[in-house]
Amino acid sequence: MATNKRRKKNTLDYKKIALLSVAVLVVVIAIIVSVSSKDNTPDYEYSPTENNQTNTVDDTKPSIVPPTNSATEPSTDKTPTEEPSEPVTSAPITKSFYDAVKYRSPDAVTADIFKHGRNLMLLNRKYELPEDFKWDLVYWSNGKHVDAMYLNCEEHNSTKAVDKAAYQPLKDMFAAAKEAGVPLNLVSAYRSIYLQDKLFTRSVNYYKGQGLSEIDAINKANRERTFSGTSEHNTGLGFDILEKGNYNLTESFENTAQFKWLMENAENYGFILRYDKDKTDITGIMYEPWHFRYVGVEHAKKINELGMCLEEYIDYLEA
Ligand SMILES: [Zn+2]
C-alpha cells in the first residue's frame, strides 16, 4: 500500500513538474516573441514610406502581401517594394495612344494632306499627321511588311522601316550610287510618334532644367525639333542620307561626292532635297543637305525644274 501511495505521489510530482516546465516554456517563448517583435519595430517604421513611394510610381499595380506565418508580423507593413514597371515598348496604335502624346503643335491644323496624292502629302509645323493615318511600311533590310503592332513603339526604331512606295526607288537609288562609286548610308527613315515625342520631351526638360518656364522651354525645343506628328520621318517618306560610314548629320555633307551625285540623280528615283538653303523661311526647317523626301519621279523632276520646295509646289498645284 505504502509503495503504491509513494508511487502515486511520485507520479503526481512528475506531472506537476512537467506542467510547470511547460508553463515556464510558454512564458519564456512569450517573452522571446514579444522582445523580438519589439526589436523589429524600427524596421517597420520605414515601410510605410517605401509603400507610399511604390504607390506613386504605379497605382495600378496591386500590392502583393505574402501570407503571414506569425501573428507578431503586422501584415500591412510587409508589402514588398516593387520596381517601377518597364515602359511599354510595343504598344499598338490606338487613338488614345496618339492623344497621350504630350507635345502637339499648337498651330497645327487638320488639313487634307492627301489632296494631291499620298506621295505629295505635306507635313510641316502647320500640318500634322491625321489621327487615322494608315502606315504602309516595309523593313529597309528585306522589304517585308512591318506589323502594325510595332509602328508606334520605340524598339522598332532600331530596325529601319520605309514607306512601301519609296522602298524600291530607294533600293534602286542606293544601288546606282554604289555603282557610281559613291556608296550611301541610310541614317534615318521612319520614326515613330512615340520616339518623336520622347525626343521632344527630352529637349523641353533640358531647357526647363536650365530655368526656363514650361512654355518657353517648349518654344525653344520647337526651334530644333518638330512636334510629334509633324515630322516627315513620322510617315516613312523622309530619309536622312549620308555617305557610307558616316552617321553625323552636319552641313559638311554638301561637300561630298555623294551629295553632288544625289543633287544630280535623286530626282530620277523620285527624291527631292526637302529643306534647301534658300527655303528655310517657307519650310520652317533649317538647311538639311542630308534630308531627302520621296514624292515620285514626275513630281521630283517638276519641283526641281520649277526651283520650288514642296510647300511652294503644293501652292502651285492649287493655283
Ligand atoms: Zn531628316
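Residues numbered from 1 in each chain as written. Predicted model: local features only at pLDDT ≥ 70, side-chain atom pairs only at ≥ 80, totals over all residues.

A closer look at the overall build of the protein chain
Then, number 1: Counting its secondary structure elements, the protein chain contains 9 helices and 6 strands.
Then, number 2: Residue pairs at least 24 apart in sequence account for 70% of intrachain contacts in the protein chain once pairs closer than 6 positions are excluded. (Helix = DSSP H or I, 4+ residues; strand = E, 2+ residues; numbered from the N terminus. Contact = placed C-beta atoms within 7 Å.)

Description of the sheet that holds strand β4 (residues 238-243)
Then, number 1: The strand order across the open sheet formed by 4 strands is β3-β4-β6-β5, and the pairing between neighbours is antiparallel. Single-partner strands in this sheet number two, and they are β3 (184-188) and β5 (271-275). If you compare each strand with its neighbour and ignore which way they point, the axes differ by 45 degrees on average.
Then, number 2: As defined by bridge partners, β4 adjoins strand β6 (residues 288-294) across 3 bridges and the pair is classed as antiparallel. Counterpart to Gly-238 in the pairing with β6 is Arg-293.
Then, number 3: Set on the sheet, helix α3 (residues 164-179) makes contact with β3, β4, β5 and β6; between it and β6 the angle comes to about 135 degrees. (Pairing = 2+ DSSP bridges. Axes fitted to C-alpha atoms, helices over the stretch in contact; angles between N-to-C directions.)

Details of helix α6 (residues 257-265)
Then, number 1: Within α6, burial applies to Gln-258, Phe-259 and Leu-262. Angularly, the buried residues of α6 cover 100 degrees about the axis, an arc narrow enough to put them on a single face. Exposed positions of α6 whose direction lies more than 90 degrees from the buried face are Ala-257, Lys-260 and Glu-264.
Then, number 2: Close packing links the buried residues of α6 with α3, β3, β4 and β6. (Buried ≥ 20, exposed ≤ 12 C-beta atoms within 10 Å, placed from the backbone. Arc of directions from axis to C-beta.)

Structural notes on the confidence of the model for the protein chain
Then, number 1: Scored by pLDDT, the protein chain comes out at a mean of 74, with 62% of its residues at no less than 70.
Then, number 2: Ignoring residues within four places in sequence, the model shows residues 31-96, a span with pLDDT below 50, making 39 contacts including any to other chains. (pLDDT = per-residue confidence, 0-100.)

What to know about the nonpolar core
Then, number 1: By size, the foremost hydrophobic cluster in this structure holds 29 residues, and its most contacted members are Val-162, Ile-241, Ala-266, Phe-271, Ile-272 and Phe-292.
Then, number 2: Mapped by element, the contributors of at least two residues to this core are β1 (137-139), β2 (161-163), α3, β4, α6, β5, β6 and α8 (297-306).
Then, number 3: No other element matches α3, which puts 5 residues into this core.
Then, number 4: Contact partners of Ile-241, with chain neighbours within four places excluded, come to Leu-184, Asn-185, Leu-186, Val-187, Leu-262, Trp-290 and Phe-292.
Then, number 5: If you look at the next biggest cluster of nonpolar residues, it comprises 6 residues, including Tyr-103, Val-204, Ile-218 and Ala-221. (Core = buried A, V, L, I, M, F, W, Y, C linked by C-beta atoms within 7 Å.)

Some points on the packing of helix α4 (residues 193-209) against helix α5 (residues 214-224)
Then, number 1: Where α4 meets α5, the closest approach of the two axes is 8 Å, and the angle between their N-to-C directions is 130 degrees. Looking at the two axes, α4 sits oblique to α5. Once α4 is placed against α5, the crossing between them reads as right-handed. Packed against α4, whose contacting residues are Phe-200, Ser-203, Val-204, Tyr-207 and Lys-208, the element α5 presents Glu-214, Ala-217, Ile-218, Lys-220, Ala-221 and Glu-224 at the interface.
Then, number 2: Taken together, the residues of the contact of α4 with α5 sort by class into 6 nonpolar, 1 polar and 4 charged. (Parallel < 35°, antiparallel > 145°, perpendicular 65-115°, else oblique. Left-handed = near helix turned anticlockwise from the far one by under 90°. Nonpolar A, V, L, I, M, F, W, Y, C, P; charged D, E, K, R; others polar.)

Topic: the environment of Cys-309
Then, number 1: Within the secondary structure, Cys-309 sits in the loop between α8 and α9 (310-318).
Then, number 2: Its 23 C-beta neighbours within 10 Å are what place Cys-309 among the buried residues.
Then, number 3: Between the C-alpha atom of Cys-309 and that of Tyr-275, which follows or precedes it by 34 residues, the distance is 7.5 Å.
Then, number 4: Discounting residues that sit within four places of it in the chain, Cys-309 has contacts with Asp-276, Lys-279, Ile-282 and Thr-283.

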